[in-house]
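# Coordinates in review
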Amino acid sequence: MPVVRVSPRKGKPVGDRRAILEGIYVAMRQTFDVPEYDQFMTISEHEPENFSVDPISGIARTDAVVLIQITANTTRSVAQKQALYRRTADRLAEDPGLMPHDVFINLVEVAKENWSFGEDVAQYA
Amino acid sequence: MPVVRVSPRKGKPVGDRRAILEGIYVAMRQTFDVPEYDQFMTISEHEPENFSVDPISGIARTDAVVLIQITANTTRSVAQKQALYRRTADRLAEDPGLMPHDVFINLVEVAKENWSFGEDVAQYA
Amino acid sequence: MPVVRVSPRKGKPVGDRRAILEGIYVAMRQTFDVPEYDQFMTISEHEPENFSVDPISGIARTDAVVLIQITANTTRSVAQKQALYRRTADRLAEDPGLMPHDVFINLVEVAKENWSFGEDVAQYA
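Residues numbered from 1 in each chain as written. Chains lettered and ligands numbered in written order. Predicted model: local features only at pLDDT ≥ 70, side-chain atom pairs only at ≥ 80, totals over all residues. Heavy atoms only, no water.

With that settled, consider the relation of the copies chain A and chain C. Aligned on chain C, chain A shows an RMSD of 0.0 Å; the corresponding rotation is 120° and the shift along the axis is 0.0 Å. The superposition of one copy onto the other is thereby described by a three-fold rotation axis. (Least-squares fit on C-alpha atoms with pLDDT ≥ 70 in both.)

Okay, the relation of the copies chain B and chain C next. Each copy superposes on the other: chain B lies on chain C with an RMSD of 0.0 Å after a rotation of 120° and an axial shift of 0.0 Å. Interface overlap between copies is the fraction of interface residues in one copy that are interface residues in the other; for chain B against chain C it is only 6%, indicating separate surfaces. (Contact = heavy atoms within 4.5 Å.)

Summarising the model, chain A shows a mean pLDDT of 92, and 90% of its residues fall at 70 or more. What the predictor reports for the complex is a pTM of 0.95 with an ipTM of 0.93. (pLDDT = per-residue confidence, 0-100.)

Glancing now at the nonpolar core. Within the largest apolar cluster, 38 residues are counted, with the highest numbers of intra-cluster contacts made by Phe-40 and Phe-104 of chain A, Phe-40 and Phe-104 of chain B together with Phe-40 and Phe-104 of chain C. Breaking this core down by element, the ones donating at least two residues are β3 (51-53) and β5 (103-110) of chain A, β3 (51-53) and β5 (103-110) of chain B together with β3 (51-53) and β5 (103-110) of chain C. Those residues within four positions of Phe-40 of chain B in sequence are excluded, and the remaining contacts are Met-1, Pro-2, Val-3, Val-4 and Phe-117 of chain B together with Ser-52, Val-53, Asp-54, Arg-61, Leu-67 and Phe-104 of chain C. (Core = buried A, V, L, I, M, F, W, Y, C linked by side-chain atoms within 4.5 Å. Buried < 20%, exposed > 50% of the residue type's maximum accessible area, 1.4 Å probe, protein only. Helix = DSSP H or I, 4+ residues; strand = E, 2+ residues; numbered from the N terminus.)

Bringing the sheet that holds β3 of chain B into the picture now. Across the sheet, which stays open at both edges, the 6 strands sit in the order β3(B)-β2(A)-β1(A)-β4(A)-β5(A)-β6(C) with mixed pairing between neighbours. One side of each edge strand has no neighbouring strand; the edge strands of this open sheet are β3 of chain B together with β6 (115-116) of chain C. Relative to strand β4 (residues 66-73) of chain A, strand β1 (residues 3-8) of chain A runs antiparallel, the two sharing 6 bridges. Directly across from Pro-8 of chain A, in β4 of chain A, lies its bridge partner Val-66 of chain A. Sheet contacts for helix α2 (residues 78-94) of chain A: β4 and β5 of chain A together with β6 of chain C; angle to β5 of chain A, the most-contacted strand, approximately 145°. (Pairing = 2+ DSSP bridges. Axes fitted to C-alpha atoms, helices over the stretch in contact; angles between N-to-C directions.)

Now for the sheet that holds β3 of chain A. Ordered by their spatial adjacency, 6 strands build an open sheet running β3(A)-β2(C)-β1(C)-β4(C)-β5(C)-β6(B), and the pairing between neighbours is mixed. Sheet topology places β3 of chain A together with β6 (115-116) of chain B at the edges, where each strand pairs with a single neighbour. Those strands touched by helix α2 (residues 78-94) of chain C are β6 of chain B together with β4 (66-73) and β5 of chain C, and its axis lies near 145° from that of β5 of chain C.

Here the focus is the interface of chain B and chain C. Each side of the interface is counted separately: chain B has 32 residues, and chain C has 29 residues. Buried area between chain B and chain C, summed over both chains or domains, comes out near 2,700 Å², and the portion from carbon and sulfur atoms is 54%. The partner of Arg-17 of chain B in a salt bridge is Glu-49 of chain C, and the shortest N-O contact between them spans 2.9 Å. Taken together, the connections running from chain B to chain C amount to 18 residue pairs in polar contact (both at pLDDT 80 or more). Of all the elements in the fold, those that place two or more residues in the side of chain B that touches chain C are β1 (3-8), α1 (14-31), β2 (40-43), β5 and β6 of chain B. Of the residues contributing to the side of chain B that touches chain C, the split by class is 16 nonpolar, 7 polar and 9 charged. Pairing of β6 of chain B with β5 of chain C involves 2 bridges; the strand directions are antiparallel. The partner of Trp-115 of chain B across the bridge, within β5 of chain C, is Asn-106 of chain C. (Buried area = accessible area lost by both parts, 1.4 Å probe. Salt bridge = Lys/Arg side-chain N within 4 Å of Asp/Glu carboxyl O. Polar contact = N/O pair within 3.5 Å; in protein donor to acceptor, adjacent residues only side chain to side chain. Nonpolar A, V, L, I, M, F, W, Y, C, P; charged D, E, K, R; others polar.)

Below, the structure written as structure tokens:
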């Protein structure tokens, strides 16, 4: 049940945005033991003045850069996190063709009782 | 001072959105020891292609689903969290009439010195 | 590499929004040991019905209030956090002229391996 928030600059075609969500989902499936269909993902597009990303500090980022923030349980190892980063960058390089530098990922970790899916309460506690 | 971020698909009437914020606030008041008037809540509406939520894995979600992310202090027990989940689902079932499956809640917890209200600094440290 | 999310009500002029991002960046540079050019910041503007902020509990907030959520490593002391709060409020008072009460800050802290900049993986692990 990771929650995924993707923040690009406004202007990416719909197909690119769909590919980004699909790529992150596949990467999470392959590296983070995420169940099939587990998608709680949103994209928020930003006007240029509402989106300020370091353009130059040793890395040549472009306007295509996406900020990805994933909230997940505190159960993954450092190796799993590294695999997620690598796999996500690889997938988004394939489709929609993002450069690795343009894939920024930040993980936020929470306790297992911090989720509710409505049907029941604290399903993972 | 929980911060509440609500993410629905675009298209909910204003009255429904107001009811969702009010319902979450009341549920937090009743279960999370939140002071009166303590509201730091936003809604971000998403176009269909910017909103991807698991439609089927054992739970029949609808397009009315809302993702709720609440950032709060690390002071609540598991029982309090479960009470929050239950109370929020109950309130949003009453108004605006969301099905329990369509209320997804995720808590992010932070240290007590991680808040500033401008007037002074780290009010809870 | 803090990630900064700023949520104001809709209607702030572009110049005010730029000043807010710049002010937060400068405050982080001065108090949080943030490298030059380290900017991963977004603004999400909200319609009035999508933005509910406590107007009155002992503090006279205005419609100019901004919610600032900063995700950063768990490496700063309480004193550093207090300095960040104070410096941010000071900067935003200078430009764009926000009252201290209208600067709400919340920090979310994560492990050092929770970041990827695409080029490599888990740069800080």
